[in-house]
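# Structural overview for review
Letter by letter, the chains look like this.
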Amino acid sequence: MKISAAGVTAMGKQGKISLFYLFLIVSFVLSAATQVLANANDIKARMQARLPEIGALKAQGLVGENYKGYLEFVSGTTAKVELVQAENDDRRAVYTAIAGQQKTTVELVGMRRAKQIAELAGPGTWLQDGGGRWYKK
Amino acid sequence: MKEIRICWFLVALGFLLTQGCTRHEIESKHEVQMAPIEIKPIHITIDVNIKVDKALDDFFGDIDQAATQGGK
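No experiment lies behind these values; they were computed from the predicted model shown.

Each partner contributes residues to the interface: chain B has 17 residues there, and chain A has 21 residues. Partitioned by chemical class, the residues of the side of chain B that touches chain A number eight nonpolar, four polar and five charged.

Rendered as structure tokens:
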């Protein structure tokens, strides 16, 4: 079998092209993974920054932790709605990511988180049981 | 005359004996009904909850620790 010089050049070109595509794919995957990590770190940082204010709202009995893993206003007062909304949005993003990883639903992840929160909650925190009833820990 | 009687007697006896040797076959069928065997698919339940809890711990571990220290 004879391979002409032109054939060798063509094969070399093909090899270079496929290497180039492989490089592109690897770069894309790596950048996506880095993006996810960066997002996770951003969310974590935001949540940690909100902790004191959310802690104060809980201590005042204005917000509680519902059984779905989100913050909810317990009394009629809706102070710092944006803060509560932002916290819930970030929580939802985390639950969605975990649900995707574990191939389950966002609701289940939220409910599992609600259990963890209830266990860790300090005395006096408003919590919601599975039936939707609010109680003070 | 006596011989004739004996002869008739033997004929009658032979007839009765042959009639007595009948075959009686009782056919009985015993059908045992088997319930259909149901092959249930084996459900391997992987406890998703444990995996989810682990993932939640991994993410919220630091935050929970900070919250507990700061008074959640």
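A word on helix α3 (residues 106-120) of chain A. Helix length check: α3(A), at 15 residues, gives a terminal C-alpha distance of 21 Å against a target of 21 Å (1.5 Å per residue), a fit within 8%. Those residues of α3(A) not exposed but buried are A:Val109, A:Gly110, A:Arg112, A:Arg113, A:Ala114 and A:Ile117.

Right, let's get into the sheet that holds strand β2 (residues 71-73) of chain A. All names here are of chain A. If you walk across this open sheet you meet the four strands as β2-β1-β3-β4, and the pairing is mixed. The open sheet has two free edges, formed respectively by β2 and β4 (134-136), since each of these has just one partner strand. Direction aside, neighbouring strands of the sheet carry axes that sit 40 degrees apart on average. As paired strands, strand β3 (residues 126-128) and β4 are joined by three bridges and run antiparallel to one another. Paired with Gln128 across the strands is Trp134, a residue of β4.

Here the focus is unusual backbone geometry. All names here are of chain A. For Lys80, which is not a glycine, the phi torsion comes out positive at approximately 55 degrees. One non-glycine residue, Lys103, adopts positive backbone phi at about 55 degrees. Along the chain, Lys103 turns up in the loop between α2 (81-102) and α3. In this structure Lys103 comes out as exposed when scored by C-beta crowding, with 9 C-beta atoms within 10 Å.

Time to look at the packing of α2(A) against α3(A). Residue and element names in this part refer to chain A. Between α2 and α3, the shortest axis-to-axis distance is 8 Å and the interhelical angle comes to 115 degrees. As α2 runs across α3, the sense of the crossing is right-handed. On the side of α2, the interface is formed by Tyr95, Thr96, Ile98 and Ala99, while α3 contributes Val106, Val109, Gly110 and Arg113. Residue classes in the contact of α2 with α3 are distributed as five nonpolar, two polar and one charged.

Attention shifts here to the environment of A:Met111. Residues and elements named next belong to chain A. Mapped onto the elements, Met111 comes out in helix α3. Sequence spacing of Met111 and Tyr67 is 44 residues, and the spatial spacing of their C-alpha atoms is 5.9 Å. The residues touching Met111, leaving out its near neighbours within four places in the chain, are Tyr67, Lys68 and Gly69.

How each quantity is defined
Residues numbered from 1 in each chain as written. Chains lettered and ligands numbered in written order. Predicted model: local features only at pLDDT ≥ 70, side-chain atom pairs only at ≥ 80, totals over all residues. Contact = placed C-beta atoms within 7 Å. Nonpolar A, V, L, I, M, F, W, Y, C, P; charged D, E, K, R; others polar. Helix = DSSP H or I, 4+ residues; strand = E, 2+ residues; numbered from the N terminus. Expected span 1.5 Å × (residues − 1). Buried ≥ 20, exposed ≤ 12 C-beta atoms within 10 Å, placed from the backbone. Pairing = 2+ DSSP bridges. Axes fitted to C-alpha atoms, helices over the stretch in contact; angles between N-to-C directions. Left-handed = near helix turned anticlockwise from the far one by under 90°.

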